[in-house]
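Chain by chain, the residues run as shown.
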Amino acid sequence: MNTLQYLISQAIFRGVSEETVVILILLPLVASVVAAARHLLGFRGFGILIPTAIAVTFTVTGIAVGVLIFVTILLVATAARSLIRRLRLHYLPRMAIVLWFVTLAVLTMILTAPFFEFRQLTEISIFPIVILILMFEEFVAVQIGKSFREAAGLTLETVIIALMGYAILRVDWLQRTALLYPHWLILAPLAFDLLIGRFTGLRLLEYRRFRKLLK
Amino acid sequence: MSKAAHILGMNARNQIYLKLNTKKGRQVADSKWLTKKVLRVNELPSPKLLKLFRRPAAVVEFDWSSLPDNFVLKPVSGYAGGGIIVVKKKAKWAGEWYLMDNTIINTADLRLQALDIMAGQYSLHNLPDWAMLEERIKIAKVFKKYAYQGTPDIRVVVCNRVPVMAMLRLPTAQSKGKANLHQGAIGVGIDLATGITTHAVWQGRFLQYIPGTKRKVNGLKLPYWNTILALAVRAQEAVPSLGYMGVDVVYDKEHGPVILELNARPGLEIQNANLASLRKRLQRVEGLEVRDADHGVRIAKTLFAGRFADRVMAEEGVKTLNNEEEVKIRTSEGKRTLVLTRIDTGAFRSSIDRDLAEQLGLLAENNILWQNHFGYRSAQGRQSRPVISLTFWLAGSKISSSASVADRSKMKYKFLIGRNDLEGFLVRP
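Residues numbered from 1 in each chain as written. Chains lettered and ligands numbered in written order. Predicted model: local features only at pLDDT ≥ 70, side-chain atom pairs only at ≥ 80, totals over all residues.

**A few points about the overall build of chain A**
Point 1. Summing up its helical and strand segments, chain A has 13 helices and 0 strands in all.
Point 2. Projected onto the principal axes, the alpha-carbon positions of chain A cover approximately 65 × 60 × 30 Å.
Point 3. Expressed as a percentage of the 215 residues in chain A, the buried residues total 27%.
Point 4. Considering only contacts within chain A whose residues lie at least 6 apart along the sequence, 76% involve residues at least 24 apart. (Helix = DSSP H or I, 4+ residues; strand = E, 2+ residues; numbered from the N terminus. Buried ≥ 20, exposed ≤ 12 C-beta atoms within 10 Å, placed from the backbone. Contact = placed C-beta atoms within 7 Å.)

Shown next as structure tokens:
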């Protein structure tokens, strides 16, 4: 048993949550997957923060509630943006109003959830919700200066990457490995990141994009 | 190398080629105002700056009625064509203008847009920005039938002072008049040697015709092609800290080719527009020693000519010569004398008989360029010859060049044209 394994078992024995340790150890791996999704597969997404944050919040809220809140925020933010575009407001006040709409929508969901006996939504903690809400600016910002098609594509890719990260956080075998052999799961992403950081070959989606050049 | 290795992907572009662009160069390209300044210092044409807003207060104080009939409002650090307002002409009332789609915009709208720009709505990472007003480029006639409401531009990718690929970008209804491929403009590939369009790509699809028309995408010959390529190279010479750059050139109705902006991260779709791979081309120009803009252009035309380029040049009037031709030489008095001439691709410089040159008055002191003391290795052995300047007409083309003077009195042809002066001709052996 190495030092890390010893520390982890002692910490958990003394009351640190297993889930916290597992998520922290798997987080770099999720980030590696996000990096690989961009450089090996060719998904663009919104950087590392958003997909990783979505993946983690989904593990906390559960996939159904997570996706429900996420889609609500996305739709309300988009609708609110086009609704108030005619008002000719400064950027930040305009964004604040979009946030106003988004927050009200989420609040409505949570306040009405008990009447539908939607237990998962009733018992949800505040932080995942706040994180999901605050992402609205990214979704709105990506719509500016891009065609609807491109903005929608980017958002979809982000969700796909986030779901890949979510899947990793949920794999039973990886969770157990994180607790039993943490050193491997800490070092492997590092080596992987160094490798893809120097990769200059075509990305998977680029083979499709440049298919006519490959003929 | 496999075909995939010839293609420039995002990874290779970022890892290898964008590293050629230093922070200083990126700053110039990312600020349309700095670009304009650098271009002006280097005497390269760009649209005239009408007004730069650095503080929001300046927007409020500005007298919009002082503007000319048409102009463009744009963010200094915008990207992908975001936030640009193109004003077509004044409307009926003061303080109102028509946009390109004939909707009306007023001073309040323009002011708000300028303030939005300065708040960073259209800048990279939403950082505070400056706004600027510049003269509007009026669309040149050739493109009127091709572009929708906007001004088409020509993107030339330059690396190591050699233009490596080019495309024409045509605005469409989808792109709302913008010439940006991401916004929905059409990318049309251009053969570097001739400036003739080849293939086209639009939102990932390959086109035969301009959508909604029966106009073919290929076969359009772009005017001022050499000027455009040379401008692109000179733009890189003006900003040497951009080793790999895109130069966007537009045609102004009055002024001809004008550099609109520089791009420090040119996109990859140009490969689909040309159906040609960029990475291989970039590797071919790596380490070449380019003397000046014209040299860079010539290298590009030689290395990257399309397969049809020879044929086109022939149609354009590339003449085929026999090895014996009648040539008119200009005398010192400006008259033309007919001389039976040998076309010799084996010789480098043209050569003229001493007596003939004397007769034509070409051996005057001020017409001799230099004396070749080391001499030539030719059929006559080593000798020293003066080199004179000479103008002649060959198959309808006027050629101003130099010729070495030699004793050709015992030869059939008193004048011989070497391959130095045969560029653009084909010779029948």
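**Regarding the domain arrangement of chain B**
Point 1. Domain assignment breaks chain B into domain 1 (3-44 + 139-310), domain 2 (49-135) and domain 3 (320-427).
Point 2. Between domain 1 of chain B and domain 3 of chain B, the C-alpha centre-to-centre distance is 40 Å. (Domains from an automatic or database assignment.)

**Thoughts on the nonpolar core**
A general feature of soluble globular proteins is that nonpolar side chains tend to end up buried together.
Point 1. Counting residues in hydrophobic clusters, the biggest one holds 71 residues, and the most contacted among them are B:Val156, B:Val158, B:Val164, B:Val188, B:Ala232, B:Val247 and B:Val249.
Point 2. Setting aside residues no more than four positions away along its own chain, B:Val249 makes contact with B:Asp153, B:Ile154, B:Val156, B:Ile228, B:Leu231, B:Ala232, B:Pro257, B:Val258, B:Ile259 and B:Leu260.
Point 3. Ranked by size, the runner-up nonpolar core spans 37 residues in total, among them A:Val22, A:Ala77, A:Phe139 and A:Ile161. (Core = buried A, V, L, I, M, F, W, Y, C linked by C-beta atoms within 7 Å.)

**A look at the pairing of strand 19 (residues 385-394) of chain B**
Residue and element names in this part refer to chain B.
Point 1. Sheet topology note: the strand 15 (residues 324-330)/strand 19 ladder contains 2 bridges and is antiparallel. Bridge pairing in strand 19 links Ile-329 to Phe-392.
Point 2. Across 8 bridges, strand 19 lies against strand 20 (residues 397-406) in antiparallel orientation. Pairing of Ser-389 across the sheet is with Ser-402, part of strand 20.
Point 3. Between strand 19 and strand 20, which follow one another and run antiparallel, lie 2 residues, and Ala-395 among them has a positive phi close to 50°. (Pairing = 2+ DSSP bridges.)

**So, helix 4 (residues 63-84) of chain A**
Residue and element names in this part refer to chain A.
Point 1. Its 22 residues place the ends of helix 4 31 Å apart at the C-alpha level, agreeing with the 32 Å of an ideal helix rising 1.5 Å per residue.
Point 2. Inspection of helix 4 places Val-65, Gly-66, Ile-69, Ile-73, Val-76, Ala-77 and Ala-80 among the buried residues, and these make up the whole buried set. For helix 4, the angular spread of the buried residues around the axis is 115°, confining them to a single face. More than 90 degrees from the buried face of helix 4, the exposed residues found are Ala-64, Val-71, Leu-75 and Ser-82.
Point 3. Of the surrounding secondary structure, the elements contacted by the buried residues of helix 4 are helix 3 (49-61), helix 5 (91-112), helix 6 (119-122), helix 7 (126-134) and helix 8 (136-143). (Expected span 1.5 Å × (residues − 1). Arc of directions from axis to C-beta.)

**Section: the sheet that holds strand 6 (residues 131-135) of chain B**
Residue and element names in this part refer to chain B.
Point 1. Strand order in the open sheet made by the 6 strands is 1-6-2-3-4-5, with antiparallel pairing throughout. Of all strands in the sheet, those with a lone pairing partner are strand 1 (49-53) and strand 5 (104-106), marking the two edges. Between one strand axis and the next, the sheet turns through 30° on average, direction left out of account.
Point 2. With 5 bridges connecting them, strand 2 (residues 71-75) and strand 6 associate as antiparallel partners. Along strand 6, the bridge assignment pairs Pro-75 with Ala-131.
Point 3. Across the face of the sheet, helix 6 (residues 107-118) comes into contact with strand 1, strand 2, strand 3 (85-90), strand 5 and strand 6 while running at roughly 70° to strand 5. (Axes fitted to C-alpha atoms, helices over the stretch in contact; angles between N-to-C directions.)

**Notes on the interface of chain A and chain B**
Point 1. Taken together, the contacts link 20 residues of chain A with 27 residues of chain B.
Point 2. Per element, the largest residue contribution to the side of chain A that touches chain B is 3 residues, and it comes from helix 13 (residues 211-214) of chain A.
Point 3. Across the side of chain A that touches chain B, the residue classes break down as 8 nonpolar, 6 polar and 6 charged. (Nonpolar A, V, L, I, M, F, W, Y, C, P; charged D, E, K, R; others polar.)

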